[in-house]
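Chains, contacts and geometry: an overview
Below, each chain spelled out in residue letters.
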Amino acid sequence: MKKNVFLSVACLASLMFLGSCNSSKNMAAIAKDFNSSWNVTSINDTLNFTNDNLEKVPTLNFNWEEKRVSGKTGCNSYFATFEVPAKDTIKFSNAGATKMFCIESMYIEDAFLGTFNKVVKYSINKRTLRLYDENNNLLIEANKTQQ
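Now for a look at the structure at hand.

The rules behind each value
Residues numbered from 1 in each chain as written. Predicted model: local features only at pLDDT ≥ 70, side-chain atom pairs only at ≥ 80, totals over all residues. Heavy atoms only, no water. Salt bridge = Lys/Arg side-chain N within 4 Å of Asp/Glu carboxyl O. Buried < 20%, exposed > 50% of the residue type's maximum accessible area, 1.4 Å probe, protein only. Core = buried A, V, L, I, M, F, W, Y, C linked by side-chain atoms within 4.5 Å. Helix = DSSP H or I, 4+ residues; strand = E, 2+ residues; numbered from the N terminus. Contact = heavy atoms within 4.5 Å. Disulfide = S-S within 2.5 Å. Phe/Tyr/Trp six-rings, centres within 6.5 Å; stacked < 30°, edge-to-face > 60°. Lys NZ or Arg CZ within 6 Å of the ring centre and 35° of its normal. Pairing = 2+ DSSP bridges.

What follows deals with the pattern of salt bridges. Counted according to the given criterion, the structure contains two salt bridges. Two residues, K87 and D88, come together in a salt bridge whose shortest N-O distance is 3.6 Å. Take K87: its relative accessible area is 55%, and that puts it in the exposed class. D88 gets classed as partly exposed once you look at its relative accessible area, which sits at 36%.

Here you go:
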């Protein structure tokens, strides 16, 4: 009887260990994807950036180790912290930005920064990052920059 209990506990411990290794591998893959720079290609599926207006493209520069994201809004620089509590979920907080006034691109900045508090989900497919709200509405789409 004691032998069966011991074997059961040993099996359970082994499964828990293997599961934690698997989740560590998953987080390592997520970290690799996020530790990148991205150029936004669309915001709220209405603002689209092409080769004609690339100087106004918002950017996302993720630093996984520091859990920080920063970049350009189309006018100003911004910064925020982020967390990925589980695969496919993300939360931004502590956002801030410089305060220059750029009449020709403030609408881009307003749309871009207005999405940060709504983002709760993400997907990464090859070189494309998509950020979604709680209703799975696409808020931001971005392409990984060449590195």
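Another aspect to go through is the nonpolar core. Residues L60, F62, V69, I90 and F92 are the most contacted members of the largest nonpolar core, which totals 30 residues. At the level of elements, helix 1 (2-34), strand 1 (37-43), strand 3 (59-63), strand 5 (77-83), helix 2 (106-116), strand 8 (128-132) and strand 9 (138-144) are the ones that each hand at least two residues to this core. The leading source of residues in this core is helix 2, at four residues. In contact with V69, other than residues within four places in its own chain, are L60, N61, F62, Y78, F79, A80, F82, F92 and F116.

According to the stated counting rule, one finds one disulfide in the structure shown. A sulfur-sulfur distance of 1.9 Å marks the disulfide that ties C75 to C102. The disulfide joining C75 to C102 has a torsion of about 70 degrees about its S-S bond and is therefore right-handed. Here C75, found in the loop between strand 4 (68-72) and strand 5, pairs with C102, found in the loop between strand 6 (91-97) and helix 2; they are 27 residues apart in sequence, far enough to count as distant. C102 shares its class with C75; the two are buried.

This part is about unusual backbone geometry. The bulk of non-glycine residues show a negative phi, and the bulk of peptide bonds are trans. Phi angles above zero are rare outside glycine, and N44 is one such case at about 55 degrees. When you line up the elements, N44 lands in the loop between strand 1 and strand 2 (47-48). The class for N44 is partly exposed, based on a relative accessible area of 33%. Look at N136: it is not a glycine, yet its phi comes out positive at around 65 degrees.

Working definition: an aromatic ring pair is given by the centre-to-centre distance plus the angle between the planes. In the structure shown here, the tally under the stated rule is seven aromatic pairs. Seen from their ring centres, F62 and F82 are 5.1 Å apart, and the 90 degrees between their planes marks the pair as edge-to-face. With F62 in strand 3 and F82 in strand 5, the pair connects residues that are 20 residues apart, well separated along the chain. The residues F62 and F82 share a single accessibility class, namely buried. By the ring-pair criterion, three or more aromatic residues cluster together here, those being F62, W64, Y78, F82, F92, F112 and F116. The ring centre of W64 lies 3.9 Å from the NZ or CZ of K67, which sits over that ring.

Right, let's talk about the environment of T145 for a bit. Tracing the backbone through its elements, the reader meets T145 in the segment after strand 9. In this structure, the C-alpha to C-alpha distance between T145 and N61, residues 84 residues apart in sequence, is 9.8 Å. Excluding anything up to four places from it in sequence, T145 contacts S37, W38, N39 and R127.

Note that strand 7 (residues 121-125) and strand 8 share five bridges and pair antiparallel. Bridged to S123 within strand 8 is R130. From the end of strand 7 to the start of strand 8, which pair antiparallel, there are two residues, and K126 there has a positive phi angle of about 60 degrees.

Function cannot be inferred from these measures alone, as they are strictly geometric.
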